[in-house]
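# Summary of structural features
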Amino acid sequence: MRVLVVDDDFMVAKVHSGYVERIAGCTVAAVAHGGEEALELAAQLRPDLVLLDVYLPDMSGLEVLSRLRTGMPDDPFVLVVTASDDPATVAAALHGGALHYLVKPFDSAALAAQVHRASRIRRDLDRVRDQTDIDRLFGGAAVPAATAAGRRERMPKGLTTPTADLVARTLREHGADLSASECAEAAELSRVSARRYLEHFVSTGVATVRLRYGGTGRPERRYRWVG
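Residues numbered from 1 in each chain as written. Predicted model: local features only at pLDDT ≥ 70, side-chain atom pairs only at ≥ 80, totals over all residues. Heavy atoms only, no water.

### Regarding the overall build of the protein
As a reminder, the rule being used: Only runs of H or I of at least four residues qualify as helices and only runs of E of at least two qualify as strands under DSSP, and these elements are numbered from the N terminus. Exposure is judged per residue with a 1.4 Å probe applied to protein chains only, and the accessible area is read against the type maximum: over 50% gives exposed, under 20% gives buried, and values in between give partly exposed. The contact rule is simple, with two residues in contact once any of their heavy atoms fall within 4.5 Å. The Shrake-Rupley method, run with a 1.4 Å probe sphere, supplies the accessible areas, and residue values consider only the shown protein chains as cover.
Counting its secondary structure elements, the protein contains 9 helices and 8 strands. Of all 227 residues assigned to the protein, the portion counted as buried reaches 47%. Across the protein, contacts joining residues at least 24 apart in sequence account for 56% of those joining residues at least 6 apart. Entry remark: accessible area of the protein is about 11700 Å², with carbon and sulfur atoms responsible for 53%.

### So, the sheet that holds strand 8 (residues 220–225)
Our working rule: Strand pairing is assigned whenever DSSP detects at least two bridges linking the two strands. Angles here are taken between N-to-C directions and fall from 0 to 180 degrees, while the axes themselves are lines fitted to C-alpha atoms, restricted in helices to the stretch in contact.
One open sheet holds the 3 strands; their spatial order is 6-8-7, and the pairing between them is antiparallel. Edge positions in the open sheet fall to strand 6 (178–179) and strand 7 (207–212), since each of these has one partner strand only. Here strand 7 runs beside strand 8; their pairing, made up of 6 bridges, is antiparallel. The residue bridging Arg-210 from the neighbouring strand is Arg-222, located in strand 8. Packed on one face of the sheet, helix 7 (residues 161–174) meets strand 6, strand 7 and strand 8 and runs near 85° to strand 8.

### Examining the packing of helix 7 against helix 8 (residues 180–187)
How we decide: Angles below 35 degrees are treated as roughly parallel, those above 145 as roughly antiparallel, those between 65 and 115 as roughly perpendicular, and all remaining angles as oblique. Less than a right angle of anticlockwise turn of the near helix away from the far helix marks a crossing as left-handed, whereas a clockwise turn marks it as right-handed. Each residue receives one of three labels: charged for Asp, Glu, Lys and Arg, nonpolar for Ala, Val, Leu, Ile, Met, Phe, Trp, Tyr, Cys and Pro, and polar for the others, Gly being one of them.
Following both chains from N to C, one finds helix 7 and helix 8 inclined at 110°, their axes separated by 10 Å at the closest point. Judged on the interaxial angle alone, helix 8 and helix 7 are roughly perpendicular. The way helix 7 lies across helix 8 gives a crossing that is right-handed. Where helix 7 abuts helix 8, its residues Leu-166, Val-167 and Thr-170 lie against Cys-183, Ala-186 and Ala-187. Its residues assigned to classes, the contact of helix 7 with helix 8 comprises 5 nonpolar, 1 polar and no charged.

### Let's talk about helix 2 (residues 35–45)
The line we're drawing: An arc is given here, and it is the one of the directions from the helix axis to the C-beta atoms.
Three or more residues of helix 2 are buried, namely Gly-35, Ala-38, Leu-39, Leu-41 and Ala-42. Axial view of helix 2: buried residues confined to an arc of 165°, hence all on one face. Exposed residues pointing more than 90 degrees away from the buried face of helix 2 are listed as Ala-43 and Gln-44. Buried residues along helix 2 sit against strand 1 (2–6), strand 2 (27–32) and helix 3 (61–68). In the stretch just after helix 2, Arg-46 is the one whose phi turns positive, near 50°.

### Re a nonpolar patch on the surface
Going by this rule: Without a salt bridge and with relative accessible area above 30%, a residue can belong to a patch; like charges are then joined within 9 Å and nonpolar side chains (Val, Leu, Ile, Met, Phe, Trp, Tyr) within 5 Å. The salt bridge criterion pairs a side-chain nitrogen of Lys or Arg with a carboxyl oxygen of Asp or Glu, the two atoms within 4 Å.
Together, Leu-125, Val-128, Ile-134 and Phe-138 make up a nonpolar patch on the protein surface, roughly 390 Å² of accessible area in all. Tracing the backbone shows Leu-125 in helix 5 (residues 108–125). Residue class for Leu-125 comes out partly exposed when judged on its relative accessible area of 47%.

### Describing the environment of Cys-183
Positionally, Cys-183 belongs in helix 8. For the pair Cys-183 and Ala-194, spaced 11 residues apart in sequence, the C-alpha to C-alpha distance is 6.6 Å. Sequence-distant contacts of Cys-183, defined by excluding residues within four places in its chain, comprise Val-167, Thr-170, Leu-178 and Leu-198.

### Thoughts on the sheet that holds strand 1
Read across the open sheet, the 5 strands follow the order 2-1-3-4-5; overall the sheet is parallel. At either end of the open sheet lies a strand with only one pairing partner, and these are strand 2 and strand 5 (100–103). Each adjacent strand pair in this sheet contributes to an overall mean axis angle of 20°, direction not counted. Across 4 bridges, the pairing between strand 3 (residues 49–52) and strand 4 (residues 77–82) is parallel. Its bridge partner being in strand 4, Leu-52 is matched across the sheet by Val-80.

### Some remarks on the pattern of salt bridges
Enumeration over the complete set of coordinates arrives at 14 salt bridges. Ionic pairing is found between Asp-48 and Arg-122, a salt bridge with its closest N-O pair at 4.0 Å. Of this pair, Asp-48 sits in the loop between helix 2 and strand 3 while Arg-122 sits in helix 5, and the two are 74 residues apart along the sequence. Residue Arg-122 is classed as partly exposed on the basis of its relative accessible area, which comes to 23%. Bridged by salt links that share partners, the residues Asp-177, Glu-182, Arg-210, Arg-212, Glu-220 and Arg-222 form one connected network.

### Some remarks on the confidence of the model for the protein
Caution applies to low-pLDDT parts of the model: their predicted coordinates are not meant to be read in detail. The condition is simple: Per-residue confidence from the predictor is reported as pLDDT, a score between 0 and 100.
Summing up the model confidence of the protein, the mean pLDDT is 85 and the portion of residues at 70 or higher is 89%. Below pLDDT 50 for its whole length, residues 140–152 participates in 29 contacts with residues either more than four positions away or in separate chains.

Rendered as structure tokens:
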């Protein structure tokens, strides 16, 4: 997975590049600090994934998104990464064809989950044979319950499908993000158990996690369903 990192802040671009390089099988193809530079590098290098900031010095990242998404099979996936959580910006990114939308600051695990998701989708595109495969591409495989063919995903050791379904339903129905404690309370589980399932969902790309910083102590991990 070759990644183009686009951010006007040199330090943020360096941090995100470091996140990418930690992911097995991924490499930073190039770094751009403006929209025109990003478009030129994308045309030259044909990256698999673009990490795209919205606020760029010469044009909006949303315009860059629209110009990257041409409808061709080899278009790069675009992951919008921005400090903005404005609903209009989120909607524009969604309708523009962004793979996902991460609000800064986020940790390396959140980015890794989306990179793995992009890799799986690209791989599965070459294996489409029937409606079940299409459903999986459009989100069917993200749900840890029965698939369209009636099969069930194999859960990691120590996790069970019924509890995974419960935690997934709790996270989906809440809409906004939840901490492990909040999810545990809503699902009537222990915090430790809820967190194990939440981290499993992050690792499989159906949930994201962001860090919320408070006054003191470690930042709180907040989970959101994206599958």
